[in-house]
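Observations on the three-dimensional arrangement
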Amino acid sequence: MTVRREAVNPVTWAAEWGFNQGEVVSGHTRTLYCSGQTATDAQGRPRHEGDMAAQLAASADNLAAVLAGAGMSWANLVRLTVYTTDVDGLLPRYGVLAGRLGAAGVAPATTMLGVTRLAIPGLLVELEGTAVA
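Within each chain, residues carry numbers counting from 1 in the order of the written sequence. Only residues with pLDDT of at least 70 get local features here, since the model is predicted, and only at 80 or more are side-chain atom pairs given and counted; chain-wide, interface and lining totals rely on the full set of residues. Calculated side-chain values reflect all of the structure's heavy atoms, with hydrogen atoms and water omitted.

Taken in spatial order, the four strands of this open sheet run S3-S6-S4-S5, and their pairing is mixed. Only two strands of the sheet have a single partner each, and these edge strands are strand S3 (31–33) and strand S5 (109–114). The mean angle between the axes of side-by-side strands here comes to 10°, regardless of whether they run parallel or antiparallel. Here the rule is simple: two strands pair whenever DSSP picks up at least two bridges between them. Working definition: helices are DSSP H or I runs of at least four residues, strands are E runs of at least two. Numbering for both runs from the N terminus. Pairing of S3 with strand S6 (residues 125–132) involves three bridges; the strand directions are antiparallel. Geometry is summarised by axes, namely lines fitted to C-alpha atoms with helices restricted to the contacting stretch, and by angles between N-to-C directions that run from 0 to 180 degrees.

The following block contains the structure:
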C-alpha cells in the first residue's frame, strides 16, 4: 500500500516556512506518535545549555532516532509541534530543522508554541511528531 499525501493550503505564506496548513494522508497502515524530543543524552541529561541551534539539532537527532526505531524517517512525518522557551531565539535558527524537512521532501503540518519552560530546566526546544507509513 502506498502512502498518499495531499497538501491543503488555503493560503500560501506557510510554504515559505516549509510547512503545509494541513495534509490529507491516506493509504497508510501504521501511525507513530512521538513523545516530545529534547536535547538530552541517552541518560536524559540536558545538552548544549544556552545554545538554541545546538539544542534544536540535538532534538532533531533524537526525533530522527525515534522515527528510525519504528522503521521510518523524516519523510514519514506528517505532523510536527515545536515547543520553545524563546520563540525569538528559535526563529533565526529554524533552518536547522527546515533543512532536514526539505531534504526529506516533506512539509508536515506544523505548530510552534512559546512556553514558559520545558520539563527539564535549561532546555530551550522540544519537538513532537506524528509519522505514518
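Structure's up, so let's keep going.
Bringing a nonpolar patch on the surface into the picture now. Only residues whose relative accessible area exceeds 30% and that form no salt bridge enter a patch; like-charged residues are grouped when within 9 Å of one another, and nonpolar side chains (Val, Leu, Ile, Met, Phe, Trp, Tyr) when within 5 Å. Residue exposure ignores everything except the shown protein chains as possible cover, and the areas themselves are Shrake-Rupley values with a 1.4 Å probe. Basic side-chain nitrogens of Lys or Arg form a salt bridge, by our definition, when they fall within 4 Å of a carboxyl oxygen of Asp or Glu. Taken together, Val11, Trp13, Trp17 and Leu91 make up a surface patch of nonpolar side chains, about 380 Å² in accessible area. Positionally, valine 11 belongs in the loop between strand S1 (4–8) and helix H1 (13–16).

Now for the nonpolar core. Ranked by internal contacts, the top residues of the largest apolar core, which has 22 residues, are Leu67, Trp74, Leu80, Val82, Leu97 and Leu127. Among the elements of the structure, helix H2 (52–69), strand S4 (77–84), helix H4 (95–104) and S6 are those that each provide at least two residues to this core. Ranked by residue count, the leading element in this core is H2, at five residues. The set of buried Ala, Val, Leu, Ile, Met, Phe, Trp, Tyr and Cys residues whose side-chain atoms join them within 4.5 Å is what this entry labels a nonpolar core. Think of it in three bands: residues with accessible area under 20% of the maximum for their type are buried, residues over 50% are exposed, and the middle band is partly exposed, with areas taken using a 1.4 Å probe on protein chains only.

A regular strand places its side chains so that they alternate between the two faces of the sheet. Across the eight residues of S4, six count as buried, placing the element largely inside the fold. Pairing geometry for S4 and S6, over seven bridges, is antiparallel. Residue pairing for S6: leucine 77 is matched across the bridge by alanine 131. The pairing of S4 with S5 spans six bridges and is classified as parallel. Within the sheet, the bridge partner assigned to tyrosine 83 lies in S5 and is leucine 113.

Now for H2. In an α-helix, one turn spans 3.6 residues; hence positions three or four apart end up facing the same way. To estimate the expected span of a helix, subtract one from its residue number and multiply by 1.5 Å. Here H2 spans 26 Å end to end across 18 residues, near enough to the 26 Å set by a 1.5 Å rise per residue. Burial in H2 covers these residues: Met52, Ala54, Gln55, Leu56, Ala58, Ser59, Ala60, Asn62, Leu63 and Leu67. Any pair of residues with heavy atoms lying within 4.5 Å of one another is described as a contacting pair. For H2, the elements touching its buried residues are S3, S4, helix H3 (87–90), H4 and S6. Two to three positions downstream of the cap, the backbone nitrogen of alanine 53 sits 3.3 Å from a side-chain oxygen, assigning the N-cap of H2 to aspartate 51. Counted as a polar contact is a pair of N or O atoms within 3.5 Å, where, for protein atoms, one must be capable of donating a hydrogen and the other of accepting one, and residues adjacent in sequence contribute only when both atoms are in side chains.

A word on the environment of asparagine 9. Along the chain, asparagine 9 falls in the loop between S1 and H1. Relative accessible area serves as the criterion here: at 32%, asparagine 9 is assigned to the partly exposed category. Sequence spacing of asparagine 9 and glycine 22 is 13 residues, and the spatial spacing of their C-alpha atoms is 6.6 Å. In this structure, asparagine 9 is in contact with Phe19, Asn20 and Gln21, ignoring residues within four places of it in sequence.

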